[in-house]
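One-letter residues, chain by chain:
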Amino acid sequence: MIWITAVFFPLLIAAVCVLPGPGLRIGCRLMSLAALPALYLAVTGDACTVTDLENFLLKSSLGFGPSGNTFLLITSLIWFTSGLFWALGPRKTARSRSFCVMFLLTMCGNIGLVTARDAVSFYTFFALMTFCSFSLIVHSGTDLARRAGRIYLIMAVLGEGLLIAGILMAVFSSPSHYFIDIASALAWLPETHPVFLTLSAGFGIKAGMVFLHFWLPLAHPVAPAPASAVLSASMIKAALVGWINFFPLGVASFDTWGIAFAALGIGGAFFGAIAGLLQKDPKIILAYSSISQMGLMIFCLGLGIMDQMLWLMAAPVIYLLVFNHALSKSALFLGTAVAGSDISGPRKKILVIMLAIPALALAGAPFSGGAQAKYLLKEAVNAGPFNQPFLSLIFMSSILTALLMAHFMRQIITTKKKSQATFSQTMLWVILIIAILGLPWVFHELYRESRIMWTDSSFLLSAAWPVLTGIVLYLLFGRKIEKLTNIIMRSLPDMALIIDKTWYHLNSRITQHGLMETGWGQMNFARFTERIVQSQSVRKISRDLELRMSNWSIFGMLFMSLIIIFALLVLWGT
Amino acid sequence: MLSSSFFTGLIMFFLKEQNTRLRTALNLVGAVFKVVAVHYMAYRLLVLDHIHQVSFSMGLGFDFVLRVDFLSLMFLALSSNLWLVTTLYAVGYLEGSPNRSRFFGFFSLCVTACTGIAMAGNLITFFIFYEFLTLVTYPLVVHRETKVALEAGRTYLWYTILGGALLFLGVVWLQVVAGPLEFVDTGALEALGPDQHNILRVIFLILIMGLGVKAALVPLHGWLPVAMVAPAPVSALLHAVAVVKAGAFGIVRVIFDVFGRDFAGFLGLLSPLAVAASVTIIYGSLRALSQNDLKKRLAYSTVSQISYITLGAAVIASFSTVGAIVHLVHQGIMKITLFFCAGNFAETLGLHDIRDLKGVGRRMPLTAIMFTVAALGMIGIPPMAGFVSKWYLGLGSLDGGSGWIVGVLVISSLLNAAYFLPVVNSIWFESSGREWKTIRSSRLEAPWMLLVPPMLTAAAALFAGLFADWNWSPLGLARQIAFGMGVYP
C-alpha cells in the first residue's frame, strides 16, 4: 500500500489541481507534499518490502531495485525541493495550472520508474516522464523553447522507439518481464546481440551521452528553474536506473560494451566541460556540466560492464556521483533563479559564497561529497584495466570541471537578469545548500566505503589540487581558454541544427513525394471500370451484338445449338 | 441455447425497427438491450462455458450457422458497446439535420450486419452478412447527398462489391473442394491431401483479396480515405467497428478457423501476407503524414493500424495471435475516440484542417484531452491500450522467428508519432491568435451528447492498457482465446 501511495500520490494532487474553483490554489499548496510519501519510503523502507500489483499493466511489481533506496532517495528529495520551491513562488496564474499538473505527472513517472521492478511498468513510467516533461520544456512558450521542445520530442520519440525494441528483445530472451530474470538472462547473450545496442542508445539519449546529447543543452535551460532542476538533477538519472536494471552488472563481463561506455563517458566528461566554457547563459553552462557529470557516471558504468568484479567497486561510486551531482545541480539551477543583478552589497557577497558551495562540491573540492566520490572513483579505476591512462584522464576532467564552475560563477555574478525568487524561496535554497555541506556525513552513513578522511593531508591535497589548478587557470587564462574552446567547438557540427533540418526535409520530402501526391499504389476500381464501361469500343461492341442477336436467323441458330449442347450433356450425364 | 437465439432474434427485430417518433428512445433501448444480451452471453460462455449455436440448412449443402465462440464474443462485445456510444453520439451530432430516419434505420441495420458477421459460424453465413454490410453502409456514406459524397459512395460500392465477388468466388470454391466447413479453432483443411494444396493456396489468395478490400490492405485501400466525407459517427463506426473491422475479422477467421494458423504457415501463405501487411502499415503511415485534413489523416492511420491485426494473424506465434485479437478491440476504441474528437472539432468550431487546430486545447480542453489520450495510444505509448497490442505483436514476432517485424513496428510507431504528435503539440502548445467562431453553442465546450461518448471510449482506451492484466480486460480475453482459460503466457 505504501508503495502505491508513494508512486501515485502526485497523481492525486494533480487531480486536485484540475478541479475548478479553488482547486488550483489548494493543489499548488499540496504540490510541495507530493513527493513526501516517496521520501518517507526511501528513508524507512527496506529491500524486502515489495508490492505486487496484480491486474495492473502486465502484472507490475514495485520495490527497491538492485541499487537499493539510493535512486528513490535522490529522486524524491529533488522533487520535493523543487516542488516546494515552485509552490513558494509568486502567485499562481491560470497558466500555472498546466505546469502544476504536468510537473506532478512527470514526478509520478520519475518516482515510478525508480521503483519499478519489471520492464513494462518501468517503460510506462519512463514514457510518462518523457512525454510530460515536454510540456515543462515548452512552458515559457518562446520560440527558443519551442525549438528546444521540438528537438527534444524528436529525440525522445527516437529513444522510445529504440527502447521498446530493446525491451522487447530483452523480455523475449528472459523467462519473465521482471528485472531479476532479465538481467540474468541477458548475461547469457552474446555481446553482439542487438538488444545491447538498442538499450545503450535508447537510454543514452536520455542520459545525454555524447553524440546523443545535443537536445540536452537546449531543453534543460529553457524550462522554469524548478523544472530545469528536476530535469538535470533527477530525470537524467533515469537512464542510469535503466542501464543498471537491464544490464547484467556483476553477473557477466562484456569487454566491448564496457570499453565503449567508458570511452563515451570520458568523452562526454571532456566534451561537456569544454562546450560549456563557450556559453554565456548560466543555465546553459549548467546543462553542459550535466553532460560532463553524466559522462563520469557512464564511465563508471563502463567499468562495471567491463568486469563483473569491478562492478562491486564501481556501483557505490556511481551512487555517490549521482547523489552529489543531483543535489549540487539542483541547488545551482535554483540558484540561477535566486541570483540576480538587483542584489548588491553584502547580500550579494553572501549569495556568491552560497553559490560557490554546490559549485565546489560538483568540482570535488575538499570537505565536500564530491571529493569522496572522486576518491572512490580513483580507487575503482586503479583496480581495473588501463588504470594509468584512465587516472590521468579523470584528473584532467576534474580540472575542466573546476574551470567550468569558475566560468559559471563569473557568468552568474555578471548576469543582467533580475532575481525572480521570493524570500521563502531563497530560504529554501539556503537550507538546500546547508544540506549539501552535510553530504559527506550522509555518504558515510549510507555507504561504508566512503570514509571521512579530513585529517588525511594527502587525501585533502589530491582533492584540492585539480580544483585549485582549474580556478587558477581560469583566472589567469580565461580569455585564451574561451578562444581555444571557440576554435574547437566551431570545428564540430551542430547536431541540433542537423536534426532540425532533417526533420523538415524528411517531412517535406515525404509529403511532396510523387508517391504521396497521386493515387499511386492504389487501384482505383471505380474509375477503372467506369472507363471501360463507358468507352466507345465497348459501347459499339455491345450495340453491334445486340443488333445481331435481334436477327431471327442468328437467334435461331444459337437457340438450336444450345438445345443440341444441352441434349449432349444430358446424354453424357446418363 | 434457445434463450440466446431468442434474444438474438429479438435484437434483430429491434434493430430493424424504423420509428421516426420514438427513434431515439428505440435506438437507445435497442442498443442497451443488445449490450445486456451480449454480456449475458459472455457470462454464459466465459463462466458457464456454454456455447450458443443456431443453425439451419439453406439447401445445396449450405448451412446457415450462428454461433458464439470466444472470437465472436470479442467482436460482439466491441460492436455492441461501441454501437451504444456511437448511437448517443450520432443523436447529438445529427440533431436537426434532414433524413435522420433513414440514417438511423441503416445505422441499426449496419450493426445487425456486424453482429451477424461476429456470430457467423461458417464462411457462407459470414459472406451473407458481409455483403449485407456493404449494402447498408452505402446510404450512410452518401448521407449528406452532396456530389462528393455520392462520388465517394460510388467508389466505395465498386471496391466493396468487387471484393465481395472475389470473396464469393473463394467461398464457393472452397465449399466445392472441401465440402461444408464450420469455423473450428484449429482450422479444418489440414485433412485434405497434398494434391489439393495448390488449389488451397489460390483459394486463400482469393479470399484474402476479397477480405483485403474491406481491411484496406494496400493496394486495395483506395475507398477508405475517400469515404471520409461521411458524417463523423459513420466514419467512426466504419473505422472502428463495422467495415474495416469486418475485413480484418474475416482475415483472422480465415487464417485461424478455416485454414488453421499452422497449416496456413505450412502452405507458405503467411509470410507473403505478413509482408503485405507490413507494406500497408508503413505506406499508410507515410500517407497519413502528408494529409492536412484531420479526418483524412485519421483514415490513413486506420489503413496502417488495421494491418497490425493482419500482421499479428500472419505470424505463427501465440503472442502474435493475442496481439492481433486484442488489437481488434484496442484499435476500435482508440480510433472511435479520435473520430469523435475530430467530429467535435468540426461540429462545434468548424475545424477540419490540422493547421487550424492551433491552441484549440484552451477552447475545448476535454475534447483535446481525449484526443491526446487516443493519439498517444495509437502511437503505442504506455499505459494506453495501443501499447499492449504492440507489446504482444512484438513479442510474438520474436517468438515466430521474424524479428524484422519488430523493426516494422518500431518504424511504424515513429511514423505514428510523426503524424500524431505535431497535431497534439499544436492543439496544446501553440496559440491560434484568432477568435473561435462557434457553430454550435452550448453550456459545456460542446453538447453533452458529443462529449460523453468520446469520454467513455477514451477512458476505455486508457483502462484497457492500465489494467491489461485483468482477466476480463480485452487482453485477458484475447489470452484466453489464444492460450485457453487461466493460462499465463
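Each value, and the rule that gives it
- The written sequence of each chain sets the order in which its residues are numbered from 1.
- Both sets of labels track the order of writing: A upward for chains, 1 upward for ligands.
- With pLDDT at 70 or above as the cut-off, local features in this predicted model cover only qualifying residues; side-chain atom pairs require 80 or more to be listed or tallied, and sums for whole chains, interfaces and linings still use all residues.
- As a rule here, side-chain values cover all heavy atoms of the structure and leave hydrogens and water aside.
- A run of DSSP states H or I qualifies as a helix once it reaches four residues; a run of E qualifies as a strand once it reaches two. Both are numbered from the N-terminal end.
- Buried means the residue's accessible area, taken with a 1.4 Å probe over protein chains only, is under 20% of the maximum for its type, while exposed means over 50%, and partly exposed covers the values in between.
- Between two residues, a contact is recorded if the distance between any of their heavy atoms is within 4.5 Å.
- Under the convention used here, a 1.4 Å probe and the Shrake-Rupley method define accessible areas, while residue burial counts only the protein chains that appear.
- The quantity called the radius of gyration is restricted to C-alpha atoms. Its globule counterpart is 2.2 Å times the number of residues to the power 0.38.
- The charge count includes Lys and Arg as positive and Asp and Glu as negative, but it does not include His or the ends of the chains.
- Note that the charge is assigned to NZ on lysines, CZ on arginines, CG on aspartates and CD on glutamates.
- One less than the residue count of a helix, multiplied by 1.5 Å, gives the span that helix is expected to have.
- In protein, a polar contact requires one atom able to donate a hydrogen and another able to accept it; more generally it is a pair of N or O atoms within 3.5 Å, and residues adjacent in sequence count only if both atoms are side-chain atoms.
- Cysteine sulfur atoms are paired as a disulfide whenever they come within 2.5 Å of each other.
- When two parts are put together, the accessible area they lose, computed with a 1.4 Å probe and summed over both, is reported as buried area.
- For salt bridges, the criterion is a side-chain nitrogen of Lys or Arg within 4 Å of an Asp or Glu carboxyl oxygen.
- Between 30 and 60 degrees the pair is tilted, below 30 it is stacked and above 60 it is edge-to-face, where a pair is any two Phe, Tyr or Trp rings, Trp via its six-membered ring, whose centres lie within 6.5 Å.
- In this analysis the charged atom, NZ for Lys or CZ for Arg, is taken to sit over a ring once it is within 6 Å of the ring centre and within 35 degrees of the ring normal.
- Working convention: axes come from line fits to C-alpha atoms, limited for helices to the stretch in contact. Angles between N-to-C directions cover 0 to 180 degrees.
- Orientation categories follow fixed angle ranges, with anything under 35 degrees roughly parallel, anything over 145 roughly antiparallel, 65 to 115 roughly perpendicular, and all other angles oblique.
- Each residue gets one of three labels, nonpolar for Ala, Val, Leu, Ile, Met, Phe, Trp, Tyr, Cys and Pro, charged for Asp, Glu, Lys and Arg, and polar for the others, Gly among them.
- Note: crossing handedness is left-handed where the near helix turns anticlockwise from the far helix by less than a right angle, and right-handed where it turns clockwise.
- Patch criteria: residues need more than 30% relative accessible area and no salt bridge. Like-charged residues are merged within 9 Å; nonpolar side chains of Val, Leu, Ile, Met, Phe, Trp and Tyr are merged within 5 Å.
- Side-chain atoms within 4.5 Å are what join buried Ala, Val, Leu, Ile, Met, Phe, Trp, Tyr and Cys residues into a set we call a nonpolar core.

Chemist: Requested: an account of the overall build of chain B, with residues and values cited.
Modeler: A tally of helices and strands in chain B yields 20 helices and two strands. For chain B, the residues scored as buried account for 65% of the 489 residues in total. Across chain B, contacts joining residues at least 24 apart in sequence account for 80% of those joining residues at least 6 apart. Accessible area of chain B: about 16,300 Å², with a carbon and sulfur share of 66%.

Chemist: Could you give me a rundown of the overall build of chain A, with the residues and numbers involved?
Modeler: For chain A, the helix and strand inventory stands at 26 helices and two strands. The C-alpha atoms of chain A give a radius of gyration of 32 Å, which is well past the 25 Å a tight globule of 574 residues would have. Its C-alpha atoms put chain A at 125 × 55 × 55 Å along the principal axes. When each of the 574 residues of chain A is scored for burial, the buried share is 55%. Contacts spanning at least 24 positions in sequence make up 80% of the contacts within chain A whose residues lie at least 6 apart. Taken together, the 39 basic and 23 acidic charged side chains of chain A have centroids lying 15 Å from each other.

Chemist: Account for helix α13 (residues 294-313) of chain B, with residues named and values stated.
Modeler: Residues and elements named next belong to chain B. Counted at 1.5 Å a residue, the expected span for α13 with its 20 residues is 28 Å, and the 29 Å between its end C-alpha atoms agrees. When you tally the buried positions in α13, you get 19 out of 20 residues, the bulk of the element. Here α13 starts with a cap whose side-chain oxygen sits 2.9 Å from the backbone nitrogen of Lys295, and that cap is Asp293.

Chemist: Can you lay out the state of the cysteines for me, pointing to particular residues and giving the numbers?
Modeler: Scanning all chains against the criterion turns up zero disulfides over all chains. Looking at Cys17 of chain A, it has no disulfide partner, and the nearest cysteine sulfur is the one in Cys100 of chain A, 4.4 Å off. Take Cys341 of chain B: it sits in no disulfide, and the sulfur closest to it among the cysteines is that of Cys132 of chain A, at 18 Å. Look at Cys341 of chain B and you get buried, because its relative accessible area is 0%.

Chemist: Can you tell me about the interface of chain A and chain B, naming the residues and giving the values?
Modeler: Counting residues at the interface gives 43 residues for chain A and 45 residues for chain B. For the chain A and chain B pair, buried surface summed over both sides reaches about 4,100 Å², with 74% attributable to carbon and sulfur atoms. Along the contact surface separating chain A from chain B lie one salt bridge. Residue Asp469 of chain B pairs with Lys59 of chain A through a salt bridge whose shortest N-O separation is 2.8 Å. Elements with a contribution of two residues or more to the side of chain A that touches chain B: α6 (119-137), α7 (143-172), α22 (495-512), α23 (514-517) and α24 (525-534) of chain A.

Chemist: Hey, could you go over the packing of aromatic side chains for me, with residue numbers and the actual values?
Modeler: Evaluated as defined, the whole model comprises 43 aromatic pairs over all chains. Relative to Phe203 of chain A, the ring of Phe126 of chain A has its centre 5.6 Å away and its plane inclined at 85 degrees; by these criteria the two rings are edge-to-face. Taken together, the residues span a long stretch of sequence, with Phe126 of chain A in helix α6 and Phe203 of chain A in helix α9 (residues 194-207) at a distance of 77 residues. Look at Phe345 of chain B and Phe371 of chain B: their rings are 6.2 Å apart centre to centre, the planes differ by 55 degrees, and that puts the pair in the tilted class. Placement of the pair is Phe345 of chain B in helix α14 (residues 318-349) and Phe371 of chain B in helix α16 (residues 365-379), with a sequence separation of 26 residues. In this pair, the class of Phe345 of chain B matches that of Phe371 of chain B, namely buried. If you follow Lys206 of chain A out to its NZ or CZ, it ends over the ring of Phe126 of chain A, 5.7 Å from the centre. Above the ring of Tyr130 of chain B, the side-chain terminus of Lys214 of chain B is found at 3.7 Å from the ring centroid.

Chemist: Help me get a handle on the environment of Ala337 of chain A, residues and values and all.
Modeler: Residue and element names in this part refer to chain A. If you trace the backbone, Ala337 turns up in helix α15 (residues 308-338). The exposure class of Ala337 is buried, given its relative accessible area of 5%. In sequence terms Ala337 and Ser290 are 47 residues apart; their C-alpha atoms lie 18 Å from each other. In this structure Ala337 touches Phe85, Ala225, Ser419, Gln420 and Ala421, once residues within four positions along its chain are discounted.

Chemist: Give me the lowdown on the packing of α9 of chain A against helix α12 (residues 238-246) of chain A, citing residues and values where you can.
Modeler: Residues and elements named next belong to chain A. Orientation of α9 relative to α12, taken along the N-to-C sense of each, is 155 degrees, at an axis distance of 8 Å. In terms of orientation, α9 and α12 fall into the roughly antiparallel class. Between α9, through Leu199, Ser200, Phe203, Gly204, Lys206 and Ala207, and α12, the contact on the second element is made entirely by Ala239, Gly242, Trp243 and Phe246. Split into classes, the residues belonging to the contact of α9 with α12 amount to six nonpolar, three polar and one charged.

Chemist: Tell me about the environment of Thr155 of chain B, and name the residues and values.
Modeler: Along the chain, Thr155 of chain B falls in helix α6 (residues 147-178). Separated by 253 residues in the primary sequence, Thr155 of chain B and Val408 of chain B place their C-alpha atoms 30 Å from one another.

Chemist: Please provide a residue-by-residue account of the pattern of salt bridges, values included.
Modeler: Residue and element names in this part refer to chain B. Under the criterion given, the structure shown has seven salt bridges over all chains. For the salt bridge of Arg253 with Asp69, the shortest nitrogen-to-oxygen distance reads 3.2 Å. Of this pair, Arg253 sits in helix α10 (residues 243-259) while Asp69 is found in the loop between β2 (63-68) and α3 (70-93), placing the two residues 184 residues apart along the sequence. Accessibility assignment for this pair places Arg253 and Asp69 in one class, buried.

Chemist: Any chance you could break down the packing of helix α13 (residues 255-276) of chain A against helix α21 (residues 457-490) of chain A for me, citing the residues and the numbers?
Modeler: Residues and elements named next belong to chain A. In the contact formed by α13 and α21, the axes pass within 9 Å of each other and the chain directions differ by 120 degrees. What the angle tells us is that α13 and α21 run oblique. Every pair of crossing elements has a handedness; the one defined by α13 and α21 is left-handed. Residue-level contacts link Phe271, Ile274 and Ala275 of α13 to Thr485, Ile488 and Met489 of α21. Split into classes, the residues belonging to the contact of α13 with α21 amount to five nonpolar, one polar and no charged.

Chemist: Lay out a nonpolar patch on the surface in plain terms, naming residues and giving numbers.
Modeler: Residue and element names in this part refer to chain A. A cluster of nonpolar residues, Trp552, Phe555, Phe559, Met560, Ile563, Ile564, Leu568 and Leu571, forms a patch on the protein surface that exposes about 910 Å² of accessible area. Position of Leu568 among the secondary structure elements: in helix α26 (residues 552-573). With relative accessibility at 53%, the residue Leu568 sits in the exposed group.

Chemist: Would you mind going over the side chain of Lys295 of chain B in detail, with residue names and values included?
Modeler: Residues and elements named next belong to chain B. When you line up the elements, Lys295 lands in helix α13. The charged side chain of Lys295 is buried without a salt bridge, its nearest counter-charge being Asp293 at 7.1 Å. The contact partners of Lys295, leaving out residues within four places of it in the chain, are Met228, Ala230, Pro231, Ala232, Ser235, Phe339 and Ala342.

Chemist: Could you give an account of the nonpolar core, naming the residues involved and the relevant values?
Modeler: Grouped together as the largest cluster of nonpolar side chains are 380 residues, with contacts concentrated most on Trp243, Phe246 and Trp429 of chain A together with Phe126, Phe259, Phe371 and Trp391 of chain B. Among the elements that make up this core, the one with the highest residue count is α15 of chain A (19 residues). Setting aside residues up to four positions removed in sequence, Trp429 of chain A forms contacts with Ala331, Leu334, Gly335, Val338, Leu351, Met354 and Leu355 of chain A.

Chemist: Quick rundown of unusual backbone geometry? Include the residues and the values.
Modeler: With an omega of 5 degrees, the peptide bond between Pro382 of chain B and Pro383 of chain B qualifies as cis. With respect to the helices and strands, the residue Pro383 of chain B is situated in the loop between α16 and α17 (385-399). In this structure, Leu57 of chain A is a non-glycine residue whose phi angle is positive, near 50 degrees. Mapped onto the secondary structure, Leu57 of chain A falls in the loop between β1 (51-53) and β2 (60-62).

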